[in-house]
Amino acid sequence: MKRTGSKVVYEGKLSKVSLESFRFPDGGSSEREIVHHPGAVAVVAFDDECVRLVRQPREAVGEDALLELPAGKLDVAGESPLECAQRELVEEVGIRAGSWEKLKFFYVSPGWADEELHLFAATDLEEVGPEPSEGERIEIVRWPLARLEQAIDECQDAKSLVGLLWLRLRLA
C-alpha cells in the first residue's frame, strides 16, 4: 500500500488526528482518520511476593480507578523507551529496578491509531518513594503474586492484561 495524501485535521497536547489517503496494489483506495500518538511504555515490576500496579482515573472511558501497570508516554525528547520506563516506574510507584528486560513491542489499536507500546519487566526492586507528576491521581497497589489471577480478572486495560498474562506464564 502507498500513502497518497495526508492532512492534519486536529492537533492537541497529547495527539493529533490526520485524514490519510492510501492506494493499494490492486488499484483500490481508502481514506482513514488516524490518531497519531508519541508512543508509550508499561512496566511489569515484580519480586518474589508481589507485582506493583496502580489505580488511577481514566476519564476517557468514565472509570474512577482502573487497575493498571505503571506506564507513561514517550514525551521527553531524546529519551529511549527503556529510559522512559525507568523514569515512569520511579514517578508512579517509587521503585528503581536493578534488572530490566524488554518483553514486547505492540500497537495499541492499529485500526485507528499509530500508538506503539514498549513493555518491560523490572526486577531487583528498590523502594525510593514516588515522584508523581502534577495532577496525577495514582494509588499504588502491591498486588500479591498468590492472587495474580484476581488481578487479571479485575484488569480492563489492554497493555496491563498483556503484561499480567506474560507474568502468569513466567511464573508457571
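Quick caveat, the model's predicted, so the values are computed rather than measured.

Draft legend 1. Representation of the nonpolar core. Counting 24 residues, the largest nonpolar core has V44, V51, L53, L119, L164 and L167 as its most contacted members. Among the secondary structure elements, those contributing two or more residues to this core are β4 (40-46), β5 (50-58), β8 (95-107), β9 (116-127), β10 (139-144), α2 (148-154) and α3 (158-171). Sort the elements by how many residues they give to this core and β4 lands first, with 4 residues. Once residues within four sequence positions are removed from consideration, L167 is found in contact with V44, F46, V51, L145 and L148. Among the nonpolar cores identified, the runner-up in size contains 13 residues, and V54, L74, V93 and F120 belong to it.

Draft legend 2. Spotlight on the environment of P130. Positionally, P130 belongs in the loop between β9 and β10. Residue classification places P130 among the partly exposed positions, given a relative accessible area of 44%. Not counting chain neighbours up to four residues away, the residues in contact with P130 comprise V90, E91, E92, V93, G94 and I140.

Draft legend 3. Structural view of the pattern of salt bridges. One pass over the structure, following the stated rule, counts 15 salt bridges. Put simply, R55 and E154 hold a salt bridge, and the shortest N to O gap is 2.4 Å. One end of the pair, R55, is in strand β5; the other, E154, is in helix α2, with 99 residues separating them in the sequence. Exposure remark for E154: the relative accessible area of 35% places this residue in the partly exposed category. The closest approach of N and O atoms between D75 and R87, which form a salt bridge, is 3.6 Å. Placement of D75 in the loop between β7 (71-73) and α1 (81-93) and of R87 in helix α1 is noted, with a sequence separation of 12 residues between them.

Basis of the calculations
Residues numbered from 1 in each chain as written. Predicted model: local features only at pLDDT ≥ 70, side-chain atom pairs only at ≥ 80, totals over all residues. Heavy atoms only, no water. Core = buried A, V, L, I, M, F, W, Y, C linked by side-chain atoms within 4.5 Å. Buried < 20%, exposed > 50% of the residue type's maximum accessible area, 1.4 Å probe, protein only. Helix = DSSP H or I, 4+ residues; strand = E, 2+ residues; numbered from the N terminus. Contact = heavy atoms within 4.5 Å. Salt bridge = Lys/Arg side-chain N within 4 Å of Asp/Glu carboxyl O.

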